[in-house]
Amino acid sequence: MPAQDPKKRARELREQIEWHNYRYHVLDDPEIPDAEFDLLMRELIELEQAHPELVTPESPTQRVGAAPVGSLPVVTHSVPMLSLENAFTEEDVIAFDRRVRERLETDDGVEYAAEPKLDGLAVSLRYEHGRLVQAATRGDGVRGEDVTHNVRTIKAVPLRLRGTPPELLEVRGEIFMPLAGFKALNERAQARGEKTFVNPRNAAAGTLRQLDPRLTARRPLDVYFYGLGETRGWKLPARHSEILEQLREWGLRISPLLEVVRGVEGCLAYYREVGQQRASLPYEIDGVVYKVNSLIQQRELGFIARAPRWAIAHKFPAHEVSTVLRDVEFQVGRTGALTPVARLEPVFVGGVTVSNATLHNMDEIERKDVRIGDTVIVRRAGDVIPEIVKVVVNKRPPDARVVRLPKKCPVCKSDVERVAGEAVARCTGGLYCAAQRKEALRHFASRRALDIDGLGTKIIDQLVESGRVKSPADLYGLTVEELAGLERMAAKSATKLVAAIERSKQTTLARFLYALGIPEVGERTAEALASYFGSLEALQEATEAQIQEVPDVGPVVAAHVRHFLDQPHNREVIAALRGHGVHWPAQARRAAAEGGPLAGKTFVLTGTLDSMSREQAGERIAALGGKVTGSVSKKTDYVVVGAEPGSKLAKAQALGVPILDERAFLELLG
Ligand code: 9MJ
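Residues numbered from 1 in each chain as written. Predicted model: local features only at pLDDT ≥ 70, side-chain atom pairs only at ≥ 80, totals over all residues. Heavy atoms only, no water.

(A) Up close: the packing of aromatic side chains. Under the criterion given, the structure shown has twelve aromatic pairs. When the ring of Y224 is compared with that of Y283, the centres are 5.8 Å apart and the planes differ by 70°; the resulting orientation is edge-to-face. Taken together, the residues span a long stretch of sequence, with Y224 in strand β8 (residues 222-232) and Y283 in the loop between α9 (263-277) and β10 (285-292) at a distance of 59 residues. Residue classification places Y283 among the buried residues on the basis of a relative accessible area of 7%. Geometrically, the ring pair formed by F512 and W584 is tilted, given 4.7 Å between the ring centres and 35° between the ring planes. Separated by 72 residues along the polypeptide, F512 in helix α17 (residues 509-515) and W584 in the loop between α22 (568-579) and α23 (590-594) bring together distant segments of the chain. Each of the two residues, F512 as well as W584, counts as buried. The rings of F176, Y224 and Y283 are connected pair by pair, giving a single aromatic cluster. (Phe/Tyr/Trp six-rings, centres within 6.5 Å; stacked < 30°, edge-to-face > 60°. Helix = DSSP H or I, 4+ residues; strand = E, 2+ residues; numbered from the N terminus. Buried < 20%, exposed > 50% of the residue type's maximum accessible area, 1.4 Å probe, protein only.)

(B) The site of the ligand, seen in detail. By nearness alone, every residue bordering the ligand is listed as L82, L84, E115, P116, K117, L118, E174, Y226, V289 and K291. Interatomic distance of 3.5 Å between a side-chain N/O atom of Y226 and a nitrogen atom of the ligand. The separation between a nitrogen atom of the ligand and a polar side-chain atom of K291 is 2.9 Å. Notes on the ligand: free accessible area 340 Å², of which the protein chains cover 91%. Looking at the shell around the ligand, the elements that each hand over two or more residues are β3 (111-118) and β10. A total of four residues in the shell around the ligand trace back to one element, the largest contributor, which is β3. (Near = heavy atom within 4 Å. Polar contact = N/O pair within 3.5 Å; in protein donor to acceptor, adjacent residues only side chain to side chain. Areas by Shrake-Rupley, 256 points an atom, 1.4 Å probe, with all protein chains shown as cover.)

Interpretation note: all reported values are geometric properties and have no functional meaning in isolation.
Quick look at the structure:
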């Protein structure tokens, strides 16, 4: 890379990053893949580390680092932040529109700007000369809290506006947490035994009021802007919708569902349309908002108390309803995890009838003190599985029953156990449990396990239901005639499937261990176990303590592995698989691999190799003591480049990491 003036390069990078942020967050139309964007960010970070004097407060790198604040300072809004009046019925909306027309003395259909009403946190952001200087919560409308340090970490919030913004611009909008991010956040919290949030709104509020912005930066917040506070140096356009369009040009996200409608009929049609989309939106909304579009008319209408006469929120029916919990049943998943499922008195919520809800696990049942017979509040958010929010304790009948974890698997009657420190309870039946069998077979045959092409869900279901296949070992006794007798199976596909099953017998120890579906043993762990022990026998003989010596294997995983291998029926299945000829190349133990020719070397693979798949390449590197990682850094020893490489090649070149083509790589492998 040519030597370049670092100051100039930093400016170029910032401009490029800001442009791509705008394409991504505001226009929803990215021009480059995420990996390339990451490369630009990385270059800027490294440049700023080498030249700290080049860092500016608006640099895209400055969204994360600030230190915690002691408490949140108070901000007085120079223009108060309004609230909205609510309409709950069509009649309420008709009355609102009538009042508007009476005040305006017009019989014509009034033009309204309509948009979804987000269920998040109202904020006001102050930009001076295009730079974000302050962000505050609504508070009581007059005084809010300063949350600048946290708002700066939200990627959809520009730190600097595009184009030629006015001298002063205060914009108002709603900060919210998208449903997917909310779910992931709660799953992480739950896994760590921390407190979970009741809904995305609380999660967004809690996150925004965090004193440590480094925590906020890790949580997925998003924003839509919908209005103005104080402005200076801007001759406002004639319409509210035009204000929003201008905000968008300055780089501020506005709702893509904004529409200009006419008259009360237009409003109600919009309400129905958005209501239908509601369940599939990636965030929660609790209604729609109608605002008189003409600013002249808004001025004529004015305010009552703290709400404008020119706007109203039309609410959707509640997402939360109460119903009675009839029973709790336990479902068994692939790894035997028992999930309690609530059987409810059917109830209409969020547009559908709900009769089942998840209760996640026993900890959750105990924490919420849910009992059979209780009246419970059920919530359905977006398209996620309905859940029980809480119990209405004062409606508890005297004969309400405490939910107990069954001691035996409801399907195969094996012992159910709960490992200390884990929330989930599991059936110990393993490959023997009928409920786990279908899922286990699907996993066993999957591409990264034994890779049996053509063994699809429909075939597995038939094989299990007929009792023909009870464990993966039974697959190896299947004949073309038997398979051809199944539904959706022609003679030709049956022949192909038998050939695929035959081919799968030749595998690797890592794939075999992964295919067994031991709880908590994913591909990486299976690879680590395989290269550490070198043979199945060595692993089968290892104590829990010895298993824990494998890099990245902790007590929980070690306990699962030991327990799985100790179950007599799992031992039988493993023996039967080997009896059918499932085999793998003998492998040196890690002790030997450690001294192997690639010991301590880190590889990154990019592009397609002719002679082997990426997985195979990884296995060969591991067998010689080397390691494969996903991203290129200064610590990478080699980047192996196949046909059509990705951005990793450019990164390797930039960092000066040695690059191997396929031939050089094969030579290295010997
Ligand atoms: C929300 N929550 O989505 C307003 N809002 O306008 C929209 N809130 C609002 N507008 C004036 N879209 C006061 C509040």
